[in-house]
Amino acid sequence: MSENTILHGDCLTLLPTLSANSAAMVLTDPPYLARYRDRSGRTVPNDDNDRWLVPAFAELYRVLANRSFCVSFYGWPHADKFMSAYRAAGFRIVGHLLFPKRYASRTGFVRYQHEAAHLLAKGVPPRPAEPISDVIGWRYTGNKLHPTQKPLEVLQPLIASFSQPGDLVLDPFAGSGSSLLAAKTLGRRWLGIELDAGYHQIAMQRLAES
């Protein structure tokens, strides 16, 4: 199995090539199904449909080791679709994480000032020795490398809490590689998959220079 690299391609094609029970943790930021476009016109691949959602999480469940965790960011307007996909795959939802922002991503009926993620379990993993808070402060990255770039400061505590040094951390929606870089800084092995050629190149260069 490949490690410490980012595979370029569709995760629905590449995940089935990975061995079952081979990843110790999944940390990922999949498309939110939001048809998102930032001010410069950048988009997120497959953010305009949910056809990938159920098969992707079914494969993630297969690839993840038993008694292990998956942390998945998600878009709250489609929380029902994400939760249905998790449960269809076999995951249990064992936690919910909030990341409050000091700024609003956009404004509708309310000001949207948080990100959210589900903590999923395959089997019954042991509890962390010192459980982290389910509310973690957010630092704006500037989104220079990716339109939905996550800050390392929120990803590192997740990896530290839900994996061990030397474990393999998998991200099948790698984007600019933030989760993989966070894993690398904490002494984990890492493996990413990214569909977009441009983001794949950015992530590969970023990991190579770290």
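One can find the structure itself at the top, above this paragraph.
With that settled, the discussion passes to the nonpolar core. Phe57, Phe91 and Leu170 are the most contacted members of the largest nonpolar core, which has 30 residues in total. For this core, the secondary structure elements donating two or more residues are α1 (11-14), β2 (23-28), α2 (53-63), β3 (64-73), α3 (79-89), β7 (114-122), β8 (168-171) and β9 (189-194). For Phe57, the contacting residues outside a window of four places in its chain are Cys70, Ser72, Ala85, Tyr86, Ala89, Phe91 and Leu120. One finds Phe69, Phe99, Ala183 and Leu207 within the second-largest nonpolar core, a separate group that totals 27 residues.

Here helix α5 (residues 178-185) lies mainly inside the structure; six of its eight residues are buried. Among all positions of α5, only Ser178, Ser179, Leu180, Leu181, Ala182 and Ala183 are buried. Contact partners of the buried residues in α5: β1 (5-8), β2, α4 (152-162), β8, β9 and α6 (197-209). Gly187 sits one or two positions beyond α5 and adopts a positive phi of about 75°.

In total, this model carries seven salt bridges according to the counting rule given. Across the salt bridge formed by Arg42 and Asp38, the nearest N and O atoms sit 2.7 Å from each other.

This next bit is on the sheet that holds β7. Strands sit in the order β1-β9-β8-β2-β3-β7-β4 across an open sheet of seven strands; the sheet is mixed. Looking along the sheet, the strands with just one partner apiece sit at the ends: β1 and β4 (92-100). In this sheet, adjacent strand axes meet at a mean angle of 20° when their direction is disregarded. Sheet strands in contact with α4 are β2, β3, β4, β7 and β8, and its direction is about 155° off that of β2.

Criteria and cut-off values
Residues numbered from 1 in each chain as written. Predicted model: local features only at pLDDT ≥ 70, side-chain atom pairs only at ≥ 80, totals over all residues. Heavy atoms only, no water. Core = buried A, V, L, I, M, F, W, Y, C linked by side-chain atoms within 4.5 Å. Buried < 20%, exposed > 50% of the residue type's maximum accessible area, 1.4 Å probe, protein only. Helix = DSSP H or I, 4+ residues; strand = E, 2+ residues; numbered from the N terminus. Contact = heavy atoms within 4.5 Å. Salt bridge = Lys/Arg side-chain N within 4 Å of Asp/Glu carboxyl O. Pairing = 2+ DSSP bridges. Axes fitted to C-alpha atoms, helices over the stretch in contact; angles between N-to-C directions.

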